[in-house]
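Examining the three-dimensional arrangement
Now for the letters of each chain:
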Amino acid sequence: MPLFQPDSFIVADVVPSPTHDERKGGAPDMILLHYTGMQTGQAALDRLTTAASRVSSHYVVFEDGHIVQCVPESLRAWHAGVSFWAGEADINSRSIGIEIVNPGHEFGYADFPLRQTAAVISLCKSIITRRGPISPDRILAHSDVAPARKQDPGEKFPWELLNESGVGHWVRAAPLDLDGLALHPGDHGDAVARLQRTLRNYGYGIEDTGRYDDATKLVVTAFQRHFRPARVDGIADPSTLLTLRALVETRPAPLA
Ligand SMILES: [Zn+2]
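In this report, the structure presented in the accompanying data block is examined. (Residues numbered from 1 in each chain as written. Predicted model: local features only at pLDDT ≥ 70, side-chain atom pairs only at ≥ 80, totals over all residues. Heavy atoms only, no water.)

**Structural notes on the pattern of salt bridges**
- According to the stated counting rule, one finds 16 salt bridges in the structure shown.
- Between Glu 73 and Arg 130 there is a salt bridge whose closest N-O contact spans 2.8 Å. With a gap of 57 residues between them, Glu 73 in the loop between strand S5 (67–69) and strand S6 (75–77) and Arg 130 in helix H3 (residues 114–131) connect regions that are remote in the sequence.
- In this structure, the salt-bridge partner of Asp 90 is Arg 76, at a minimum N-O distance of 2.9 Å. Highlighted residues: Asp 90 in the loop between S6 and helix H2 (91–94) and Arg 76 in strand S6, separated in sequence by 14 residues.
- We classify Asp 90 as partly exposed; its relative accessible area is 26%.
- What makes Arg 76 buried here is its relative accessible area of 12%.
- Among the charged side chains, a salt-bridge network with shared partners connects Asp 29, Glu 88, Arg 94 and Arg 138. (Salt bridge = Lys/Arg side-chain N within 4 Å of Asp/Glu carboxyl O. Helix = DSSP H or I, 4+ residues; strand = E, 2+ residues; numbered from the N terminus. Buried < 20%, exposed > 50% of the residue type's maximum accessible area, 1.4 Å probe, protein only.)

Here it is as structure tokens:
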């Protein structure tokens, strides 16, 4: 792909990726956040712009806030892989992908520098302002849409800060170690089915089998990474259940 005009003035560089195709089903209405999970940002950018890797992203945000665009927003980048949210499986068609440079869990998971987070917030705001509203509950983690495969951007990602800046749907997590009902892997029954239905209604890809199986544990883990990051263990403790309920109750009304 030749050089193209960046979609936003806050883009510092364009490094075109050959990995893209046409979107299906209209304009994107989600933003998907990732970490790069490689030792350096440059290594990640090389991978995301090399045909043989068959992955790409619309944007890469470096630790110092430098933003590189690799695929025009109008085209489908290949960042989500096998994924699901709110009844849809072609998340690449539905979303704009932002790769945030961080070594990730494999190479020494680092705190996200404030400068980098500020750039991610500005970029999300620029996308929303230019493209029209994107529902806050559709600004998601890769782990939300692929809980069995992905952990990124992970529990260190400052979703609270994004929310304070008007980006994304988030509630303050309930305190840890409350008394009350807890659901554990291996449990079964109506309470487990209710938990599964609540997670599915929010968007997660989960069946209401009534069995707290491995898939359920992975979805609860993904939920915790995003919404109750103080303890990420896949156990639906009272804090996790209360946080989920608060999240559902404060969910923004669907866009017309
Ligand atoms: Zn990812």
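**Some details on the pairing of strand S7 (residues 95–100)**
- Most of S7 is tucked away: six of the six residues are buried.
- The two faces of S7 match: Ser 95, Gly 97 and Glu 99 on one face and Ile 96, Ile 98 and Ile 100 on the other face are all buried.
- In terms of strand pairing, strand S3 (residues 30–35) meets S7 through six bridges, oriented parallel. Directly across from Ile 31, in S7, lies its bridge partner Ile 96. (Pairing = 2+ DSSP bridges.)

**Digging into the packing of aromatic side chains**
- Across all of its chains, the model carries eight aromatic pairs by this definition.
- A centroid spacing of 6.1 Å and a plane angle of 85 degrees characterise the contact between Tyr 109 and Phe 112, whose relative ring orientation is edge-to-face.
- Measuring from centroid to centroid gives 6.0 Å for Tyr 202 and Phe 227, while their planes differ by 90 degrees, and the two rings are edge-to-face. Here Phe 227 lies in helix H7 (residues 214–227) and Tyr 202 lies in helix H6 (residues 190–202), a separation of 25 residues in the sequence. (Phe/Tyr/Trp six-rings, centres within 6.5 Å; stacked < 30°, edge-to-face > 60°.)

**Let's talk about the side chain of Gln 69**
- With respect to the helices and strands, Gln 69 occurs in strand S5.
- Judged by relative accessible area, which is 0%, Gln 69 ranks as buried.
- A distance of 2.7 Å separates a polar atom in the side chain of Gln 69 from a polar atom in the side chain of Asp 7.
- Among the polar contacts made by the side chain of Gln 69, one reaches the main-chain carbonyl oxygen of Val 71 at a distance of 3.1 Å.
- If near-sequence neighbours (up to four positions away) are discounted, Gln 69 is found in contact with Phe 4, Pro 6, Asp 7, Val 11, Asp 13, Val 14, Val 15, His 58 and Tyr 59. (Polar contact = N/O pair within 3.5 Å; in protein donor to acceptor, adjacent residues only side chain to side chain. Contact = heavy atoms within 4.5 Å.)

**Let's talk about the sheet that holds S5**
- Reading across from one edge, S1-S5-S4-S7-S3-S8 is the order of the six strands in this open sheet, with mixed pairing throughout. The strands lining the two open edges of the sheet, one partner per strand, are strand S1 (13–14) and strand S8 (139–141).
- By the bridge criterion, three bridges tie strand S4 (residues 59–61) to S5 in an arrangement that is antiparallel. Residue pairing for S5: Tyr 59 is matched across the bridge by Gln 69.

**What to know about the packing of H6 against H7**
- Here H6 crosses H7 at 55 degrees, and the two axes come no closer than 11 Å. When the interaxial angle is binned, H6 and H7 end up oblique. In the packing of H6 onto H7, the handedness of the crossing is left-handed. Packed against H6, whose contacting residues are Leu 195, Gln 196, Leu 199 and Tyr 202, the element H7 presents Thr 216, Val 219, Val 220, Phe 223 and Phe 227 at the interface.
- When its residues are assigned to classes, the contact of H6 with H7 shows seven nonpolar, two polar and no charged. (Axes fitted to C-alpha atoms, helices over the stretch in contact; angles between N-to-C directions. Parallel < 35°, antiparallel > 145°, perpendicular 65-115°, else oblique. Left-handed = near helix turned anticlockwise from the far one by under 90°. Nonpolar A, V, L, I, M, F, W, Y, C, P; charged D, E, K, R; others polar.)

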